[in-house]
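So the chains spell out like this:
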Amino acid sequence: VVVAPSTPDILACADGVLTELFEGLNRMTSFAMEVIDAVPEEKLLVPFTEAAPFIKDSRALVAASIRDNWFGPQALLDMLEHHQALIATSVEEFAAAHDEGAHTLKDTREHIQRFLVSAGEVDEGFPDFVTLRMYRVACAPLKAHLSGKAQDIRARLLRGVAAEAVERSEAAKARFDAIIKRLQETSKDPEELQHLQTYAKGIKDEVEELQVELVSTQRNLALLEDFHFDVTPEDVTTFWTAFGQPSIVSRAQGAALQRQEDERMVFMHRLEVDTKECVGDVASLEGEIGKLEGYSDIKNSEEYAGNVSLIEMQLQQTKERAALINSREKLFGLPLTDFDDIKRLEKEFQPYETLWRAAASFNREQPNWMHGPFVQLDADRIEADVARWFKFAFKAEKSIFDGKEAPKGVAGELKRDLEEFQVYIPLIQALRAPGMRDRHWAKLSQKIQVDIRPDQGLTLKLLLESDIDKYHDYITEVSEVAQNEYKLEKTLETMKGAWRELVFDISPYKESGTYVLRGVDDVLALLDEQVVKMQGIRGSQHAKALEKEVADWATKLNYFQEVLDEWLRCQKTWMYLEPIFASPDIMRQMPREGVKFQKVDALWRQTLDAAAQDPQVLAVMQMENLRNSFVSANKELDLVQKGLNDYLETKRASFPRFYFLSNDELLDILSETKDPRRVVPHLSKCFEAVCGVQFRSSDPDELRAGGKHLDILAMVSGEGEVVQLLQPVEPDADKNRGSVERWLLEMEAAMRESLKHIGGRALEAYAHSQRTAFVQEWTGMIVLAADNFYWTRDVEEGMRSAGVAGVKKVEEKMKGELVDVVTLVRGQISKQVRLILGAMVVLDVHNKDVVSLLIERQCGKPEDFDWNSQLRYYLHTPSTDAPWHRKGESVIVTRMMNASLAFGYEYLGNSSRLVVTPLTDRCYRTLFGALHLSLGGAPEGPAGTGKTETVKDLGKAIAKYVIVFNCSDGLDYKSMGRMFSGLAQTGAWSCFDEFNRIDIEVLSVVAQQILSILRAITLGLTEFDFEGKMIKLDCSCGIFVTMNPGYAGRTELPDNLKAILRPISMMVPDMALIAEIMLYSEGFLTAKILSKKLTGLFELMIQQLSKQDHYDYGLRNTKSILVAAGALKRSDPGMQEDVLLYRTIRDMQLPKLIAEDVPLFNALNGDFFPGLEIAPTDYGAFQQALEKALEERRLQKDEVIVRKAIQIYEVKLTRHGNMLVGQSCSGKSTAWAVLEDAMKALQKAGVAGYEAVRHYVINPKSLSDGELYGQYDMSTGEWLDGVLSRCMREACADESPKQKWLILDGPVDTLWIESMNTVLDDNKLLTLVSGERISMPPQVSLLFEVQDLAVASPATVSRAGMVYFDGADFNWRNVVRTWASTCALAAHSEALLGLFERLVGPLLGRRPPAGTE
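Model, not experiment: these values are computed from the prediction.

Here we take up the overall build of the protein. Looking only at helices and strands, the protein features 54 helices and 26 strands. Taking 2.2 N^0.38 as the reference for a compact globule, 1413 residues should give roughly 35 Å; the C-alpha atoms of the protein span a radius of gyration of 50 Å, well beyond that estimate. Counting only C-alpha atoms and orienting by the principal axes, one finds that the protein spans roughly 145 × 120 × 90 Å. Long-range pairs, those at least 24 residues apart, make up 73% of the contacts in the protein between residues at least 6 apart in sequence. Of the roughly 68700 Å² that the protein leaves accessible, carbon and sulfur atoms contribute 52%.

Here the focus is unusual backbone geometry. The phi torsion at Gln-858 lies on the positive side, around 55°, for a residue other than glycine. Position of Gln-858 relative to the elements: it lies in the loop between α34 (831–856) and α35 (865–868). Residue classification places Gln-858 among the exposed positions, given a relative accessible area of 53%. For Ala-959, which is not glycine, the phi dihedral falls at a positive 55°. Looking at where Ala-959 falls in the secondary structure, it is placed in the loop between α37 (947–957) and β12 (962–966).

Together, Asp-969, Asp-999, Glu-1001 and Asp-1265 give the surface a local cluster of negative charge. In this structure, Asp-969 sits in the loop between β12 and α38 (973–986).

Another aspect to go through is the pattern of salt bridges. All chains considered together, the criterion is met by 60 salt bridges. Taking the shortest distance from any N to any O, the salt bridge between Asp-385 and Arg-381 comes out at 3.1 Å. Linking Asp-385 with Arg-381, this pair stays in helix α15 (residues 379–400), spanning four residues, or about one helical turn. The exposure class assigned to Asp-385 is buried, which follows from its relative accessible area of 10%. The closest approach of N and O atoms between Asp-794 and Lys-813, which form a salt bridge, is 3.0 Å. On the criterion of sequence distance, the pair formed by Asp-794 in helix α32 (residues 780–802) and Lys-813 in helix α33 (residues 804–826) is long-range, its members being 19 residues apart.

Attention now moves to the packing of aromatic side chains. Following the criterion strictly, the structure yields 34 aromatic pairs and no others. Geometrically, the ring pair formed by Trp-240 and Phe-243 is edge-to-face, given 5.6 Å between the ring centres and 85° between the ring planes. Of this pair, Trp-240 and Phe-243 both sit in helix α11 (residues 233–243), three residues apart, which is roughly one turn of that helix. Of the residues examined, Trp-240 reaches a relative accessible area of 61% and is grouped as exposed. When the centroid spacing of 5.4 Å and the interplanar angle of 40° are considered together, the rings of Phe-1182 and Tyr-1250 count as tilted. Separated by 68 residues along the polypeptide, Phe-1182 in helix α46 (residues 1180–1192) and Tyr-1250 in the loop between α48 (1228–1244) and β19 (1253–1258) bring together distant segments of the chain. Given a relative accessible area of 3%, Phe-1182 falls into the buried group.

Further remarks concern the environment of Leu-377. In this fold, Leu-377 is placed in the loop between α14 (340–371) and α15. Residue classification places Leu-377 among the buried residues on the basis of a relative accessible area of 8%. For the pair Leu-377 and Val-1346, spaced 969 residues apart in sequence, the C-alpha to C-alpha distance is 72 Å. If near-sequence neighbours (up to four positions away) are discounted, Leu-377 is found in contact with Asn-368, Trp-369, Ile-382, Ile-428 and Arg-432.

This part is about α11. Turning to α11, its buried residues are Phe-239, Ala-242 and Phe-243. Summarising the axial view, the buried residues of α11 lie within an arc of 100°, below the 170-degree limit, and thus occupy one face. Counted as exposed and oriented over 90 degrees from the buried face of α11: Pro-233, Glu-234 and Trp-240. Where the residues of α11 are buried, they touch α8 (140–183), α10 (204–226) and α12 (245–291).

Looking now at the sheet that holds strand β25 (residues 1340–1346). Reading across from one edge, β19-β22-β25-β18-β26 is the order of the five strands in this open sheet, with parallel pairing throughout. The sheet is open, and its two edges are formed by β19 and β26 (1361–1365), each paired on a single side. Strand-to-strand twist of the sheet, defined as the mean angle between neighbouring strand axes without regard to direction, takes the value 20°. Pairing analysis gives five bridges linking strand β18 (residues 1217–1222) to β26, with the strands arranged parallel. Opposite Gly-1222, over in β26, you have Phe-1365 as the bridge partner.

A few words now on the nonpolar core. Note that soluble globular proteins tend to have their nonpolar side chains buried in a common cluster. Counting 249 residues, the largest nonpolar core has Trp-499, Phe-992 and Phe-995 as the members making the most contacts within it. With 16 residues, the top contributor of residues to this core is helix α22 (residues 547–581). Look past the residues within four positions of Phe-995 in its chain and what remains in contact with it is Cys-967, Met-976, Leu-1003, Val-1006, Val-1041, Thr-1042, Met-1043, Leu-1053, Leu-1057 and Leu-1061. Counting 60 residues, the second largest nonpolar core, distinct from the first, contains Tyr-304, Phe-332, Ile-342 and Ile-425.

Now for the pairing of strand β4 (residues 515–518). Two elements, strand β3 (residues 505–508) and β4, share four bridges in a ladder whose sense is antiparallel. What sits directly across from Ser-507, in β4, is Val-516.

Picture the strands of a sheet paired through backbone hydrogen bonds; they go either parallel or antiparallel. Judged by pairing direction, the sheet is antiparallel, and its three strands sit side by side in the order β5-β6-β7 without closing on themselves. A strand with exactly one partner marks an edge of an open sheet, and here the two such strands are β5 (690–695) and β7 (722–729). Sheet twist, expressed as the mean angle between neighbouring strand axes with direction ignored, is 30°. Bridge count for strand β6 (residues 712–717) against β7 is four bridges, and the pairing is antiparallel. Across the sheet, residue Val-716 finds its bridge partner in β7, namely Val-722.

Take the packing of α8 against α12 next. For the pair α8 and α12, interaxial distance at closest approach is 9 Å and the crossing angle is 15°. Comparing their axes, α12 and α8 come out roughly parallel. In the crossing of α8 with α12, the sense of the turn from one axis to the other is left-handed. Between α8, through Lys-173, Phe-176, Asp-177, Ile-179, Ile-180 and Leu-183, and α12, the contact on the second element is made entirely by Gln-245, Pro-246, Ile-248, Val-249, Ala-252, Gln-253, Ala-256 and Arg-259. Tallied by class, residues from the contact of α8 with α12 come to nine nonpolar, two polar and three charged.

A separate point is the confidence of the model for the protein. Averaged over all residues, the pLDDT of the protein is 82; the fraction at 70 or higher stands at 92%. The weakest mean pLDDT in the protein belongs to helix α2 (residues 31–36) at 49; the strongest belongs to strand β16 (residues 1038–1041) at 93. Note on residues 32–36: pLDDT is under 50 here. Beyond four places in sequence and across chains, it has eight contacts.

A pair of packed helices is characterised by two quantities: the angle between their axes and the separation of those axes. The interhelical angle for the contact between helix α47 (residues 1199–1214) and α48, taken along N-to-C directions, is 70°, at an axis separation of 9 Å. Of the possible angle classes, the one that applies to α47 and α48 is roughly perpendicular. Note on element contacts: α48 touches α47 through Thr-1230, Ala-1231, Trp-1232, Leu-1235 and Met-1239, opposite Ile-1201, Lys-1204, Ala-1205, Ile-1208 and Tyr-1209. Class assignment for the residues of the contact of α47 with α48 results in eight nonpolar, one polar and one charged.

What follows concerns the side chain of Asn-1044. Tracing the backbone through its elements, the reader meets Asn-1044 in the loop between β16 and α40 (1055–1058). Apart from residues no more than four positions distant in its own chain, Asn-1044 is found in contact with Gly-941, Pro-942, Ala-943, Lys-947, Glu-994, Asn-996, Arg-1050 and Ala-1355.

Here Pro-434 shows up in the loop between α17 (425–431) and α18 (438–448). Taking relative accessible area as the criterion, Pro-434 reaches 49% and is therefore assigned partly exposed. Sequence separation between Pro-434 and Val-1375 is 941 residues; the distance between their C-alpha atoms is 73 Å.

According to the stated counting rule, one finds zero disulfides in the structure shown. With no disulfide of its own, Cys-686 has Cys-691 as its nearest cysteine by sulfur position, at a separation of 12 Å. Since its relative accessible area comes to 1%, Cys-686 is described here as buried. There is no disulfide at Cys-967, and the cysteine sulfur nearest it, in Cys-991, is 8.9 Å away.

About the thresholds
- Within each chain, residue numbers correspond to sequence positions counted from 1 in written order.
- Residue-level local features of this predicted model are given only where pLDDT is at least 70; pairs of side-chain atoms are given and counted only at 80 or more, and the full residue set underlies all totals for whole chains, interfaces and linings.
- Derived side-chain values reflect all non-hydrogen atoms in the structure, with water molecules and hydrogen atoms excluded from consideration.
- Helix and strand definitions here come from DSSP, where helices need a minimum of 4 consecutive H or I residues and strands a minimum of 2 consecutive E residues; each element is numbered from the N-terminal end.
- We compute the radius of gyration over the C-alpha atoms and compare it with the globule rule, which gives 2.2 Å times the number of residues raised to the power 0.38.
- Any pair of residues with heavy atoms lying within 4.5 Å of one another is described as a contacting pair.
- Computed with the Shrake-Rupley method and a 1.4 Å probe, the accessible areas treat only the protein chains shown as cover for residues.
- The buried label applies to any residue whose accessible area, calculated with a 1.4 Å probe on protein chains only, is under 20% of its type's maximum; exposed applies above 50%, and partly exposed to all values in between.
- Nonpolar side chains (Val, Leu, Ile, Met, Phe, Trp, Tyr) within 5 Å and like charges within 9 Å form the patches, drawn only from residues with over 30% relative accessible area and no salt bridge.
- Salt-bridge detection follows one rule: a side-chain nitrogen of Lys or Arg within 4 Å of a carboxyl oxygen of Asp or Glu.
- His is not counted here, nor are the chain ends, while Lys and Arg score as positive and Asp and Glu score as negative.
- Charged groups are reduced to one reference atom each: NZ for lysine, CZ for arginine, CG for aspartic acid, CD for glutamic acid.
- Think of it this way: a Phe, Tyr or Trp ring, Trp meaning its six-membered ring, pairs with another when their centres are within 6.5 Å, and the plane angle makes it stacked under 30 degrees, edge-to-face over 60, tilted otherwise.
- It is the directions from the helix axis to the C-beta atoms that the arc portrays.
- Strands are labelled as partners when DSSP assigns at least two bridges between them.
- For every element, the axis is a line fit to its C-alpha atoms; helices are fit only across the contacting stretch, and the angle between N-to-C directions ranges from 0 to 180 degrees.
- Side-chain atoms within 4.5 Å are what join buried Ala, Val, Leu, Ile, Met, Phe, Trp, Tyr and Cys residues into a set we call a nonpolar core.
- Roughly parallel here means an angle under 35 degrees, roughly antiparallel means over 145, roughly perpendicular means 65 to 115, and every remaining angle is called oblique.
- Each crossing gets its handedness from the near helix: less than a right angle anticlockwise from the far helix is left-handed, clockwise is right-handed.
- When residue character is reported, Ala, Val, Leu, Ile, Met, Phe, Trp, Tyr, Cys and Pro are called nonpolar, Asp, Glu, Lys and Arg charged, and the others, Gly included, polar.
- The predictor's confidence in any single residue is recorded as pLDDT, a number from 0 to 100.
- Whenever a pair of cysteine sulfur atoms sits within 2.5 Å, that pair is classed as a disulfide.

What follows is the structure, given as structure tokens:
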């Protein structure tokens, strides 16, 4: 609602009036000129200009008056705010929304009253015109508009109520009419009468149901009457007609029951008459059957058989009539008439029927068999009929007709006739065998010296007259041969027929525009089966007559097999090469192979296009020159593939880090060689910490132009740290253009040279810089190296100068430095500096502990064991060149015991460091010793003991590239060999996680591969033979494996592998020490006390809380709490440290606890942190968004769901993999879905810290491991992407801030979850059998919906955050409320809820007796 005209309009109007006034004054001549015709000095009466002060003042005065008086109209507008619902409502939209929703009459009444009251208040509270000082406001149009709108809403809603009432009334009337119509029906027989009587007596429930409907209709009419709605006469008639129907039905029911009783009496009389007639018919039939005993002449069998058929028909009719009479007697409640005589007559009649039918049939058929065409005789049917008749005749003569001479004589005579004919049956069977061909008849004719031709003139009589029965044995022999040959013919025909219906599955292949052959298993199975069967046929003695046909089909099958073998081989190679040679860059780099592939590609497309037109197997196999085409294509593809493999191997040999990429990833890089910018996203696959680069230019047009603009000046880590390169890398220089491996080699060299240069300068700067300032000025990993170098130097100088006293001075100095660093951590610093300081605190605390140990053990010499056993840093000037340094160049080296390792200068970003415990030190020493002895290392132990992380941290300590690979039983020796080849040439370290999951057969080969590398290192070779190929060797490479012994699916390592992998037993680390140091690194001053409280609390929780499969109090759980505490401290620096940790423990542990453990946990937490009372966290807008999301999903505002959604959000802040544990119907899916909706809404509203979410839902148990993670198709060799790997790749490739959730909804077991160990731990890496490694960015996370973790290993449980959904929290009333508000009966929701409360509530509260199920 607005006031018109508005203030600007009024100001403009007033200004226009003043302007006209002033212009008019300017046109008025002076009085002297007009009256006395004088000539004054001024011709105008009042001469002035627009700039005159009084004009400006007038305008300002008028404008001020207009504005000052505007408060009156504005006050009117403010008064109307109370009626904003009526003002803002659109009649059409509101009515449409009301019609779509399910609303009760009470809701409708409230809506109408609300709008009418609002309109009435406006009408009464506002006069038609209001004078407000200088304004007169006309309110009448607004009042009329709002009154009309309220009336329109009233009319629209009431029309809906009236329409609903009319619809119900008409429906009720229609059902009443149907009842009356049914009551008025008359019955045609007693059965129908019974149905009508049952219906007439049982209409009470239906009528009462309709009366309830009419009562509801009356409520509609009452609402219409209350609001004085005009109902049309037609509708009134409809209502009253419906209301009058129950009385009409009642009268119709009475009339129907009386009429049905009259009909019942009539039917009972008719039944009595029918019963008497039926009894008479039975007596008559008994006489007819008695006459059959006198039939004795077999020659009259046809006539007697006709009489028998007539009697059979009459007997059947009488039987059915008797059954109907009995059923109606039962219907009327009368005694049942005894018709047992009918069964007796049936039994007596049956032998006569069989006898005369058999006699008639034989007398009718025997002449046809003797004199009819022999070629039309059915030997099997004749044999079956004669045998059946003879069996009956024999039995009838012996026993059935014993004492009855006439039928007994007939049976005997029939038996003798059949015996006479039976002697001819073998002859008929032999000569009418289906395999008898002309050649067999010719052999018979030659034998008996009579020309016999199987034509229409040949009869059994003629054969018998030619004395053919004398040659019975020869005929049988020929017939058997014919039958065996016939079986072979049928087998061949069946084999051919199987191919006629077989069709190839020829499907479009991706976006290639052509087809591929799929699903050939059925074809191959049929082919193999028939090839074997043909070998048996060709060896049969009866195949000679079919020799040509058999040979032709065998040749065809062999051809089919050769074609399919060549076809599948060609397809396997073509499918692999097609996407590769679709890249113009690859075609340019491999022109010769490209031309060959294009030739094969053209042949493939031509062949498959033709096959797709007619995919019937036989039609495809008849294509001209098919086999030779595939043979020649395979020869060409072999050359192409060899060229491609040589090309890839050349690229890998040029830049060995390519060995750590799958072929597809490498080809992706090689296909983008023209534009270095498109290679940058792949850099993190070759350089662990390089996630981006800085080019010389940032202008898009200059970058497209290339040249010097594409020079790389700096590396950028995933944390955002920028490291300037000493020498720019020139990807688009002439020497590097098109050869990505060359500028990547330059990148690798530039990385090391730059870090060496930065390291040298940093070591010089450290000596004369403030330590706190130094940290903020240099690259993170160099800061840590310099810190360790000067720590080593200080300790050794202190030892040399003053022994133990010198070491004590170092300790005092370190304490001060540590306090300075912790103070800096607590201040406002950048993210990069905070990361450096966190790692620095971890190392400084360890170094201080080492110094304290030296003092405790009185170590005062650099040669003492306790000092030598520590990891120390020195500057070294080598006397020879090495892969990573030149002769005379100062570089950092690390030493431990008698072993030393050169600092690798591999850029590893600005990452955190592992807390060094005595267990870590022991593992470091063992691994150092293993490398010194040219061995591998094998940390093994239970989950959560830091095996993988220790190997990775040692790599960080000496700046080595550590490649973590999660092993599975799908790995083969070729994949492992490629990985080892890359390790040997790059000097990188490997950490094969879950190594003992690999199959024992593969491990045996892997042992030989590792042994060949270690032997070459021992011999100090620079090149060695690896699997038949000479490769370069960097002796600083390391091979480490980690194992969880004793878990399901683990393999015992072969002895030859155990001998070259030095074992390290990893047990539970010192949790208190780890917690203390991590708290220090996060800026906690009371870290020692708090760490003891944390570990003590966890020890008591392990002892006193219940044992649940999803509980874990190990290292990963502790770390997640410490990380969360650090984040909370940064967000609220002023909070007490004990309060902060108490709150973090509560918020992180409560989500996983079952209801029974919560009170005990709260008590334990209170004991360790006494006197602390923390108010519940206020989630404000977040909680409101969750409640609104529930409302939008038309769900109830369930406190449990809101709480669980908040818990999911909080655990996701510290863990990227989380499990929602609980029974079905406990709200798991609803909780994450509501959280997703809330985050989208908050992000849309611009609330910081929330991003929109995209989710992928997968049921892992509905898929095999291959379908989940990907596998090679064994028949085509094609890599088939898995569902999870594809979703993961798509989610990780999306660099937008939108969160991506992969939700795995299904049971967790060791069959598939173990392959995700490196995904769930800090590596955040999915490794596939193809060699691909997919790294998870921060915006991607995993959610598991599981019922329990009964079969999950500790390794899995420890890696995931947990939110437990207790079935006891399930509120069935919320489910019922949601259903009642959305179902078809929503108008009766209150009544439904009352029924559920009264009936269902008590049932759910009951407990079954003990011992029952």
